[in-house]
Amino acid sequence: MATITTDRSIQLNAFEETKTGVKGLVDSGITEVPVIFRAPMVVLDNLKPPPASQLTIPTVDLKGGVFIKNQEGSVTRRGVVEKIGDGAKKWGFFQVVNHGIPIDKMEKMRERIRGFHE
């Protein structure tokens, strides 16, 4: 088992040293996923899907305003901070709704993010 771990460590280090990332692998013309990115069959055979209740993306709703105090139905700053922290801690991301950002601005942002990552 130590040999597999060592070989994997060596392969991962070699991959990291190329500084080209997954895009570099794709550009090189690979035809299958490298072994270092595949889980062993022992792990895959024992996987069980999580309950559906755990598959809900955390949502932060800003409807009503975040900083408006003492208004019925308004979102409190503390509540928003707690939801963001919870989503970031448990999932690594979250969805924000009712934020007031126009759709065309969001589309431009997505295009630029996509361009950055490409």
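Because the structure is predicted, anything quoted here is derived from the model rather than measured. Residue positions are given per chain, counting from 1 as you read along its sequence in written order. Totals for whole chains, interfaces and linings use all residues, but because this is a predicted model, local features are given only for residues with pLDDT of at least 70 and pairs of side-chain atoms are given and counted only at 80 or more. As a rule here, side-chain values come from all non-hydrogen atoms in the structure, and water together with hydrogens is ignored.

## Some points on the overall build of the protein
Inference 1: Counting from the N terminus, the helices are DSSP H or I runs at least four residues long and the strands are E runs at least two residues long. A tally of regular secondary structure across the protein gives five helices and two strands.
Inference 2: Shown N-terminal to C-terminal, the secondary structure of the protein runs as helices and strands in the order α-α-α-β-α-β-α.
Inference 3: Buried residues are those whose accessible area, probed at 1.4 Å on protein chains only, stays under 20% of the maximum for their type, while exposed residues exceed 50% and partly exposed ones sit between those limits. For the protein, the residues scored as buried account for 10% of the 118 residues in total.
Inference 4: In this description, contact between two residues means that some pair of their heavy atoms is separated by no more than 4.5 Å. Of the contacts made within the protein by residues no fewer than 6 positions apart, 51% connect residues no fewer than 24 positions apart.

## Topic: the pattern of salt bridges
Inference 1: Each salt bridge in this description consists of a side-chain nitrogen of Lys or Arg and a carboxyl oxygen of Asp or Glu lying within 4 Å of one another. One pass over the structure, following the stated rule, counts four salt bridges.
Inference 2: Between Arg38 and Glu32 there is a salt bridge, and its shortest N-O distance comes to 3.3 Å.
Inference 3: Judged by relative accessible area, Arg38 falls into the partly exposed class, the value being 41%.
Inference 4: When the shortest N-O distance is used, the salt bridge between Glu107 and Arg110 registers 2.7 Å. Separated by three residues within a single helix, Glu107 and Arg110 lie in helix α5 (residues 103–117), roughly one turn from each other.

## Section: unusual backbone geometry
Trans is the common state for peptide bonds, and a negative phi is the common state for residues other than glycine.
Inference 1: Not every positive phi belongs to a glycine, and Lys19 is a case in point at roughly 60°.
Inference 2: A positive phi angle is found at Asn98, which is not glycine, with a value near 55°.
Inference 3: Among the residues examined, Asn98 registers a relative accessible area of 46% and is labelled partly exposed.

## Concerning the confidence of the model for the protein
Inference 1: Looking at the protein, the pLDDT average stands at 82 and 85% of residues meet or exceed 70.
Inference 2: Within a predicted model, pLDDT stands for the predictor's per-residue confidence, ranging from 0 to 100. Put simply, helix α1 (residues 2–18) is where the protein has its lowest mean pLDDT, 74, and α5 is where it has its highest, 94.

## Looking at helix α4 (residues 77–90)
Inference 1: Working rule for helices: expected span equals 1.5 Å times residues minus one. Here α4 spans 20 Å end to end across 14 residues, near enough to the 20 Å set by a 1.5 Å rise per residue.
Inference 2: Phi turns positive, to about 90°, at Gly92, one or two residues after α4.

## Thoughts on the packing of aromatic side chains
Inference 1: Centres within 6.5 Å make a pair out of two Phe, Tyr or Trp rings, where for Trp the six-membered ring is used; the pair is then stacked when the planes are under 30 degrees apart, edge-to-face when over 60, and tilted otherwise. One pass over the full model with this rule turns up two aromatic pairs.
Inference 2: Arranged with centres 5.8 Å apart and planes meeting at 75°, the rings of Trp91 and Phe93 form a pair that is edge-to-face.
Inference 3: Here Trp91 falls in the partly exposed class, since its relative accessible area comes to 31%.
Inference 4: For Phe93, a relative accessible area of 41% translates into the label partly exposed.

## Quick notes on a nonpolar patch on the surface
Inference 1: On the surface, Val22, Val26, Val33 and Phe37 cluster together into a nonpolar patch covering about 360 Å² of accessible area.
Inference 2: Turning to its location among the elements, Val22 is positioned in helix α2 (residues 21–27). Surface patches are drawn from residues lacking salt bridges whose relative accessible area is over 30%; two like charges belong together within 9 Å, two nonpolar side chains (Val, Leu, Ile, Met, Phe, Trp, Tyr) within 5 Å. The Shrake-Rupley method, run with a 1.4 Å probe sphere, supplies the accessible areas, and residue values consider only the shown protein chains as cover.

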